Amino acid sequence: MAFENEIDRRRTFAIISHPDAGKTTLTEKLLLFGGAIQMAGEVKAKGERRRARSDWMKVEQERGISVASSVMTFDYEGRTFNLLDTPGHEDFSEDTYRTLSAVDSAIMVLDAAKGIETQTRKLFEVCRLRDMPITTFVNKMDRETKDPFDLLDEIEQTLALDVSPVSWPIGMGRDFLGCYDLLKDELNLFDRSKGDTIKEGIKCSGLDDPKLAELLPDHALNKLREDVDMVRGLCPEFDVNAYLEGTMTPVFFGSAINNFGVQEILRGIGQFAPKPRVGKALERSVAPNEEKMSALVFKIQANMDPKHRDRIAFVRIVSGRFKKGAKLKHVRSGKIMAVHNAQLFLAQDREIAEEAFAGDIIGIPNHGNLRIGDTLTEGETLRFTGVPSFAPEILQKVRADDPMKAKHLGRALEQLAEEGAARVFKPNLGSDWVVGVVGPLQFDVLSDRIRTEYQIPCRFEPTTLMTAEWVEGEPREVKAFSDSNRASMAVDHAGAPVYLARNSWHLDRAKDDYPSLKFLKTKEEI
Ligand code: GDP
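A brief report on the enclosed structure follows. Keep in mind it's a predicted model, so treat the numbers as computed, not measured.

Concerning the site of the ligand
No. 1: Around the ligand sit 17 residues in total, of which Lys23, Thr24, Thr25, Ser255 and Ile257 are the nearest.
No. 2: Take the shell around the ligand: its biggest share by element is three residues, from helix 2 (residues 23-33).
No. 3: Its residues placed into classes, the shell around the ligand shows four nonpolar, eight polar and five charged.

Some points on the sheet that holds strand 8 (residues 178-181)
Sheets are built from strands that pair by backbone hydrogen bonding, the pairs being arranged parallel or antiparallel.
No. 1: As summarised here, the arrangement of the four strands in space is 7-8-9-10, forming an open sheet in which the pairing is antiparallel. Edge positions in the sheet fall to strand 7 (167-170) and strand 10 (202-203), since each has one partner strand and no second.
No. 2: Examined bridge by bridge, strand 9 (residues 186-189) and strand 10 share two bridges and lie antiparallel to one another. Of the residues in strand 10, the one forming a bridge with glutamate 186 is lysine 203.

Quick look at the nonpolar core
No. 1: Core analysis: the biggest nonpolar cluster contains 100 residues, and Ala106, Val138, Val315, Ile317 and Ile362 have the highest contact counts within it.
No. 2: The element contributing the most residues to this core is strand 15 (residues 311-319), with six residues.
No. 3: If sequence neighbours within four positions are ignored, isoleucine 362 has contacts with Val315, Ile317, Phe322, Ala342, Gln343, Leu344, Ala353 and Ala356.
No. 4: Within the second largest apolar cluster, 31 residues are counted, among which are Ala412, Ala422, Trp433 and Val435.

A closer look at helix 6 (residues 148-159)
No. 1: A rise of 1.5 Å per residue sets the reference length of helix 6, with its twelve residues, at 16 Å; its end C-alpha atoms lie 16 Å apart and thus fit the reference within 8%.
No. 2: Where helix 6 is concerned, the buried positions are Leu151, Leu152, Ile155 and Leu159. The buried residues of helix 6 occupy an angular sector of 100 degrees when the element is viewed end-on, so they sit on one face. For helix 6, the exposed residues lying more than 90 degrees away from the buried face are Asp150 and Gln157.
No. 3: Of the residues flanking the end of helix 6, it is alanine 160, one or two places downstream, whose phi is positive at about 50 degrees.

Cut-off values and rules
- Residues numbered from 1 in each chain as written.
- Predicted model: local features only at pLDDT ≥ 70, side-chain atom pairs only at ≥ 80, totals over all residues.
- Near = placed C-beta within 6 Å.
- Helix = DSSP H or I, 4+ residues; strand = E, 2+ residues; numbered from the N terminus.
- Nonpolar A, V, L, I, M, F, W, Y, C, P; charged D, E, K, R; others polar.
- Pairing = 2+ DSSP bridges.
- Core = buried A, V, L, I, M, F, W, Y, C linked by C-beta atoms within 7 Å.
- Buried ≥ 20, exposed ≤ 12 C-beta atoms within 10 Å, placed from the backbone.
- Contact = placed C-beta atoms within 7 Å.
- Expected span 1.5 Å × (residues − 1).
- Arc of directions from axis to C-beta.

What follows is the structure, encoded as structure tokens:
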């Protein structure tokens, strides 16, 4: 059935890495395969190559914020790949976590000289919570690296994951000659000067193939044979089921900047990575090939077009087929919306989505009615779960420099909260707003955005508040609690009551006095 084929050929994935490991470079090279950056075959002048790249960047600049890099959809060898970008800086980890909730697998990029770094590890743990299949790319083999066996050991030990190399490097740094593909018995020779070209591997009948002796110097071939013997003795064979369960990672070696090993990992994702998964709603599980469409908002991005105050809701289609003009039920409000202007993020361009399938990401422009965690369906009441929310760890007060702009500031803050950029609380008393974030850099970004996007100069100031916790329970009980703690109560952007505690004693007393209430550090975004 054509419809099911469309879904089965989709691979929705993200790349996780520590800054500088090569995520951007790998992304760029992957797009090369999708035709986003034009290739003119083997012989292409350097200047031309540079121009192709800078054109690409100019388009990005014109769009203001790099839209295309949030989601990049491209086709390769009969499959459709949706690559979701995750912001690199630690302070934006909320966005990263949400993005990871919308993919089915991930590529973990390691710098071969550094191995597992702090951010790699953190992101990996998020993936592990979802038992997400991880494919490892050991990058920068053209530089001095750690010993490949030590690297495998490090992955296995620090991440408690079985490792199974699918390619094996021949030399490293200046002596890096290429890789031997252990699954296909192919030799891939490394050529430093051909960073934008795509070369096929040389088929071999095994490590005793006489071709190898012609192509590799003796010492390199001997070392390769020794290494492979050891690998086959030490490492488990690649087991696709263990990979799909998230207990084994296949390891590719390469050099992204030289476009080496990139095609192999892309084919690996195409062949082994999971197709769109079953969605989990509070009501039931939803299979991707169900006829009826359902979808989940996992990210909101503001001002993609600086001329409009539009926001784009990034929506993962969980089941069925989306068609332009579809009338969808917005489950939280119960309203029906006709979606005519959804966008697809083709690597080359953004275009109006005529049709999209389970696994795809579409962007729906809206004025604030769509929020993170919202579900869209063809009528059924489903509420998808799994978009993570984070406890605001640092709280500050914010005030407009011009008191006449207080109302505008309030609106700006609400929008930013819906977008997921921060938690925003309006205390019952007083005119200041309280903003909660996970990383301190977020305050700088917020104040900059409020000034440039909303033209409201404002100031953030420290507070003596320790924590903000959502209060849930019997409505009457919640009201009684709110009434007797008026000075410490606030509401979030959606109107839910929040208790602003000055210290832990304050919080403990509230909990003791109202044992039937729940105090929550986060609010599930469903
Ligand atoms: P990101 O921070 O993970 O996105 O890393 P980038 O892709 O920006 O790469 C960080 C730096 O490493 C850049 O200077 C790249 O040119 C360089 N780089 C990326 N891949 C390779 C590689 O395979 N070999 C070498 N030598 N450098 C690389």
